[in-house]
Amino acid sequence: MPSPNRVLRLLLIGLLASLLQACNTDLYTNLSERDANAMVAVLLRGGIPAERKAQDNGQLKVVVDESRFAEAMTLLDNAGLPQQSFSNMGEVFKGNGLVSSPVQERAQMIYALSEELSHSVSQIDGIVAARVHVVLPDNDLLKRVISPSSASVLVRYDPGTDINTLIPKIKTLVANGISGLSYDGVSVTAIKAAVAISNNPAQPRLARFMGLWLLEDNLPQARLMLGALLLIAFGAVGVLARQQWVRRQSQALYVLKEGE
């Protein structure tokens, strides 16, 4: 006959197992703390349970329930997360050998400029993602006609953003970042993101209760249900304990009668 404590433990384990909704599928790995926090925040605002977990290498990963994987990927993609990773000047030229060809140095410079400017444009509020393509003509000083520099900017922006007010600022930023590039030499192509990433108070708010992600409005009902289940569990344990006590008393009386 199992002891009452063991029965209680088994009942509680079963209760927790029935409530537990584990986030068991890796959505993204090797994330910084900033990226992981931003992704979890967007997913929770969108009504998708998500958690960040530490990896052995010190970085973080975001995990979601397997049944919500596709939905979570779509939501993060529309929000432009995880954020683009850009190389800076130091990283681009870090691997150079002692001698670099002029062609190699030129290609690296154009790439580094593109990465730096893309990063700067992507930091503007309302811009979800950005890419800057820089064209620096290889002009010969002996030529009379010199081709001007140019740049093409592709941005994806939040539907709640007035992109018309940002385009002049983007063009000025890029033009000032490249020597010899004029304002008119910068073209901007703006694409509206499919879903707004701005905070929407009408979106559901999630809270975690006993391992289960619930809407905040459903927390009172969940607490009542848990209380009722615990009462049933303790009641069952009490009945088992009573039966065990009665059985022991009967055995004790039987032993006494046998000893007389």
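From a predicted model like this one, the values you see are computed outputs, not experimental measurements.

Q: Residue-level account of the sheet that holds strand E5 (residues 150-157), with values.
A: In spatial order, the strands read E4-E5-E6; together these three strands make up an open sheet with mixed pairing. Each edge of the open sheet carries a strand with a single partner, namely strand E4 (127-135) and strand E6 (186-192). Adjacent strand axes in the sheet meet at a mean angle of 15 degrees, parallel and antiparallel pairs treated alike. Where E4 lies against E5, eight bridges are found, and the strand directions are antiparallel. Paired with Val134 across the bridge in E5 is Ala151. Contacts between helix H6 (residues 163-177) and the sheet are confined to E4, E5 and E6, with E6 contributing the most and set at about 140 degrees to the helix.

Q: Describe the nonpolar core, listing the residues and the values that go with them.
A: By size, the foremost hydrophobic cluster in this structure holds 21 residues, and its most contacted members are Ile127, Val153, Val155, Ile170, Val174 and Val186. Those elements that provide at least two residues to this core are helix H5 (102-122), E4, E5, H6 and E6. If one sorts the elements of this core by residue count, H6 sits on top with five residues. Once residues within four sequence positions are removed from consideration, Val153 is found in contact with Arg131, Val132, Ile170, Val174, Val186, Ser187, Val188 and Thr189. One finds Met39, Leu60, Ala72 and Ala79 within the second-largest nonpolar core, a separate group that totals 16 residues.

Q: Requested: an account of H6, with residues and values cited.
A: In a regular helix each residue adds 1.5 Å, so 15 residues correspond to 21 Å; H6 covers 21 Å between its end C-alpha atoms and thus fits that length. For H6, the full list of buried residues reads Ile163, Leu166, Ile170, Lys171, Val174 and Ala175. Projected down its long axis, H6 carries its buried residues within an arc of 165 degrees, all on one side. Within H6, the exposed residues directed more than 90 degrees away from the buried face are Lys169 and Asn176.

Q: So what's going on with the pattern of salt bridges? Residues and values would help.
A: Oppositely charged side chains may form a pair once their charged atoms are brought near each other. Using the criterion set out here, one finds four salt bridges in the structure. In this structure, Glu33 engages Arg52 in a salt bridge whose closest nitrogen and oxygen atoms are separated by 3.7 Å. Here the residue Glu33 occupies a position in helix H2 (residues 33-45), and Arg52 occupies one in strand E2 (residues 50-54), the gap between them amounting to 19 residues. With a closest N to O distance of 2.8 Å, Arg68 and Glu71 form a salt bridge. Classification of Glu71 by relative accessible area gives partly exposed; the value is 40%.

The rules we used
Residues numbered from 1 in each chain as written. Predicted model: local features only at pLDDT ≥ 70, side-chain atom pairs only at ≥ 80, totals over all residues. Heavy atoms only, no water. Pairing = 2+ DSSP bridges. Helix = DSSP H or I, 4+ residues; strand = E, 2+ residues; numbered from the N terminus. Axes fitted to C-alpha atoms, helices over the stretch in contact; angles between N-to-C directions. Contact = heavy atoms within 4.5 Å. Core = buried A, V, L, I, M, F, W, Y, C linked by side-chain atoms within 4.5 Å. Buried < 20%, exposed > 50% of the residue type's maximum accessible area, 1.4 Å probe, protein only. Expected span 1.5 Å × (residues − 1). Arc of directions from axis to C-beta. Salt bridge = Lys/Arg side-chain N within 4 Å of Asp/Glu carboxyl O.

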